[in-house]
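Here are the chains, one letter per residue:
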Amino acid sequence: MSLFIGTCCVCLFSGEMFIPYYTGRVIDILGSQYQPNEFMSALLFMEISLTFSLGGLLLCAISAYTCRIKVKLFGALTKQEIGFFETIKTGEITSRLSRDTNLMGRTVCLNVNVLLRTFIKTLGMISLMMNLSWKLTFLVLMETPITGLIQNIYDTHYQRLSLAMQDSMALANEAANEAVSGIRVVRSFNTEKQESRRYDDRLMDTHILKTRRDTVRAVYLLGRRLTGLAMQVFMLYYGRLFIRSGQMTTGNLVSFILYQSNLGQSIRTLTYIFGDMLNSVGAAGKVFEYLDRKPNVSTEGKLQPDQLTGHISFRHLNFAYPACPNKTVLQDFSLELKSGQMTALVGPSGEGKSTCVSLLQRFYEPQDGEILMDSEPLKSYDHRFLHKKIAVVNQEPVLFSGSIRDNIAYGLADCSLDEIQEAARKANAHDFIEQLEKGYDTEVGEGGGQLSKSERQRIAIARALVRQPQVLILDEITSSLDTESENKVQQALASCPNQTLLVIAHRLKTIEKADQIVVVSGGRVQERGTHQELMDRKGSYYKLREKLFTEGNSPQR
Ligand SMILES: Nc1ncnc2c1ncn2[C@@H]1O[C@H](COP(=O)(O)OP(=O)(O)OP(=O)(O)O)[C@@H](O)[C@H]1O
């Protein structure tokens with residue numbers, strides 16, 4: 001098979017090499033005594049050569065290859081731990097996905113194809129030219145180092161300016177994106193002109209770079225044409241002498257001239273591709289680095305028990321975020337979340353409450369200690385199973401473009417409309433969804449932008465409830481819900497008696513009924529008990545309520 005492909009490639013590569021030769025043959029035949037058979041066979045060979053020169057079919061392979069690399073890279077990226085995304089800039093990831101994969105595709109398919117083809121063609125042309133006139137061939141080859149040098153200098157400058165132009169264009173796009181996504185802030189601060197100016201400034205930078213790049217190209221083209229012209233003058237002069245002395249025919253000279261212009265092009269291509277391939281090696285290295293990267297938080301657990309109570313134990317956790325390894329956020333943190341009970345985490349801002357939730361979702365791995373579910377380490381559970389059993393509703397509900405139905409059933413392949421509606425009812429979302437013209441098929445827009453924050457939040461709650469999780473985490477969800485929605489959601493949650501419920505709340509009124517209230521401060525459990533116990537103790541929970549009351553944040557005290 002590989003021999004067949006190799007033979008086909010050689011035919012493809014070498015086909016167009018013979019076109020100038022047969023062109024010369026045709027001229028000689030027409031110039032001498034006309035012989036129909038010879039004329040027809042020269043034309044036939046020319047046609048065959050043209051047919052074999054359609055190597056451009058390989059372009060289809062490039063597109064398919066690049067797509068596969070992109071999909072593989074995207075798959076590898078989505079498997080990385082959350083800490084990875086916090087330490088790498090989004091721009092870098094998108095650049096890997098778009099620019100580097102394209103460069104790689106071009107290198108592997110197009111460049112290798114063109115390099116091989118041009119190399120074979122160049123060697124073939126030189127031998128055919130030698131055959132026509134070795135003296136003229138040496139004359140022509142003297143031009144090669146000059147052409148190579150000019151091409152090399154040009155490629156270096158051109159690529160440097162092209163990269164700078166791409167960066168500058170990215171900055172201009174970034175300015176436009178920022179202004180469009182923050183258009184409300186722009187309007188309310190009356191900074192439309194300032195934003196336009198910022199965009200204009202960045203576009204001007206791009207324009208200057210582009211002008212510089214075009215000038216370099218113009219100078220290069222001029223230099224190239226002048227060298228080519230000088231060479232052609234020499235060649236015609238000596239060619240005429242050789243024809244006179246009978247060393248070659250007119251047809252031979254025509255073939256030679258055609259080869260000479262092709263040879264110049266081939267040498268320029270070889271120099272360019274070589275430089276381009278060196279660049280692409282760097283890009284490919286970065287792509288492979290991500291493709292081969294093993295996530296720091298392993299997802300190789302296998303446990304999928306039939307019965308799960310959802311009892312969670314945080315055992316002596318010490319944790320610092322990968323982006324700030326020197327700042328310990330949780331210190332010797334221990335806590336039990338009992339099945340069928342509601343636990344509320346309260347405390348001042350920035351003390352580690354949401355961090356507990358992130359660890360429970362296995363976004364990060366604690367440096368010390370472990371989290372157990374039903375006495376088994378969280379990491380021993382199957383990744384899919386774990387995320388079906390532990391569901392989270394966050395402060396900022398994130399929806400994806402698509403219908404409401406798609407968003408509620410997000411990640412569940414076999415979810416019926418009845419189940420979706422049941423979850424939406426519990427989340428007090430069903431009524432507002434039914435009032436929409438297309439009901440559950442209504443598009444939510446990019447990031448759910450066509451819905452209000454409360455509506456987005458209720459859909460996010462339905463998305464968590466439809467999974468019937470054993471452990472449900474609500475991270476400060478009540479701030480965007482009105483009192484009616486909040487009551488209905490609480491009633492719905494009360495109807496799941498075996499569920500482990502973890503609630504993070506700033507509005508302390510909402511968690512008074514919790515089975516256990518835990519005050520988190522300085523990354524530790526400072527106090528724990530029921531509302532009444534903690535009020536009687538007059539400790540940090542009591543003081544927190546007092547503080548919120550005096551600040552007017554908790555009017556329902
Ligand atoms: N991804 C992160 N990388 C680095 N530090 C972080 C990260 N997320 C949070 N932190 C820091 O960790 C500490 C605890 O944050 P956390 O979000 O857990 O607090 P919190 O108690 O939930 O606050 P809030 O009530 O305001 O949500 C804070 O000092 C915060 O700045």
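Residues numbered from 1 in each chain as written. Predicted model: local features only at pLDDT ≥ 70, side-chain atom pairs only at ≥ 80, totals over all residues.

This is how the line gets drawn: UniProt positions are given in the numbering used here, feature names are shortened, and annotations may be inferred rather than shown by experiment.
An unreviewed UniProt entry annotates the protein as Transporter associated with antigen processing, subunit type a originating from Dicentrarchus labrax. Heading Subcellular location (unreviewed entry) of the UniProt record for the protein holds this comment: "Mitochondrion inner membrane".

## Comments concerning the pairing of strand β4 (residues 368-373)
Heads up, the rule is: By the convention used here, strands pair only if DSSP detects at least 2 bridges between them. Put simply, DSSP H or I for four residues or longer makes a helix, DSSP E for two residues or longer makes a strand, and each gets a number counted from the N terminus.
The sheet contact formed by strand β1 (residues 312-320) and β4 spans five bridges and is antiparallel. Its bridge partner lying in β4, N318 is registered against D368. Across two bridges, the pairing between β4 and strand β5 (residues 376-377) is antiparallel. From the neighbouring strand, L372 faces β5, where its bridge partner is P377. Connecting the antiparallel pair β4 and β5 is a turn made up of two residues, with D374 showing a positive phi of about 50°.

## Some details on the sheet that holds strand β2 (residues 328-337)
What counts, and what does not: Our contact criterion uses C-beta atoms placed from the backbone: two residues qualify when those atoms are within 7 Å. What counts as an axis is a line fitted to C-alpha atoms, over the stretch in contact for a helix, and the angles between N-to-C directions run from 0 to 180 degrees.
One open sheet holds the four strands; their spatial order is β2-β1-β4-β5, and the pairing between them is antiparallel. Two strands lie at the open edges of the sheet, namely β2 and β5, each paired on one side alone. Where helix α12 (residues 353-360) meets the sheet, its contacts fall on β1, β2 and β4, and the angle it forms with β1 comes to roughly 110°.

## A look at unusual backbone geometry
As a reminder of what qualifies: In this scheme every C-beta is placed from the backbone, and a residue whose C-beta has 20 or more other C-beta atoms within 10 Å is buried, one with 12 or fewer is exposed, and one in between is partly exposed.
The phi dihedral of D374 falls on the positive side, at around 50°, and the residue is not glycine. Considering the arrangement of structural elements, one finds D374 in the loop between β4 and β5. D374 sits in the partly exposed class, given 17 other C-beta atoms within 10 Å. Its identity as a non-glycine residue notwithstanding, Q468 has a phi of 45°, on the positive side.

## Remarks on the site of the ligand
Where we set the bar: By definition, a residue lies near a molecule or strand when the C-beta atom built from its backbone is within 6 Å of it. We call Asp, Glu, Lys and Arg charged. Ala, Val, Leu, Ile, Met, Phe, Trp, Tyr, Cys and Pro are nonpolar, and the rest, Gly among them, are polar.
Lining the immediate environment of the ligand, one finds E86, Y321, A323, C324, V329, S349, G350, E351, G352, K353, S354 and T355. Take the shell around the ligand: its biggest share by element is three residues, from α12. Residue classes in the shell around the ligand are distributed as four nonpolar, five polar and three charged.

## Concerning the sheet that holds strand β6 (residues 390-393)
Pairing is mixed in the open sheet, where six strands are placed in the order β6-β7-β8-β3-β9-β10. Only two strands of the sheet have a single neighbouring strand rather than two, namely β6 and β10 (524-529). Ignoring which end each strand starts from, the neighbouring axes of this sheet average 20° apart. Where strand β9 (residues 516-521) meets β10, five bridges bridge the pair, whose relative direction is antiparallel. Its bridge partner being in β10, S521 is matched across the sheet by R524. Against the sheet, α12 engages β3 (342-346), β6, β7 (471-475), β8 (500-504) and β9, with an angle of about 145° to β7.

## Describing the nonpolar core
Applicable threshold: Buried Ala, Val, Leu, Ile, Met, Phe, Trp, Tyr and Cys residues whose C-beta atoms connect them within 7 Å together make up a nonpolar core.
Ranked by internal contacts, the top residues of the largest apolar core, which has 65 residues, are A344, V346, I408, I461, A462 and V503. No other element matches helix α17 (residues 453-465), which puts six residues into this core. Contacts of A344, omitting those with residues within four sequence positions, involve V503, A505, I511, A514, I517 and V518. If you look at the next biggest cluster of nonpolar residues, it comprises 10 residues, including M129, L132, V140 and F256.

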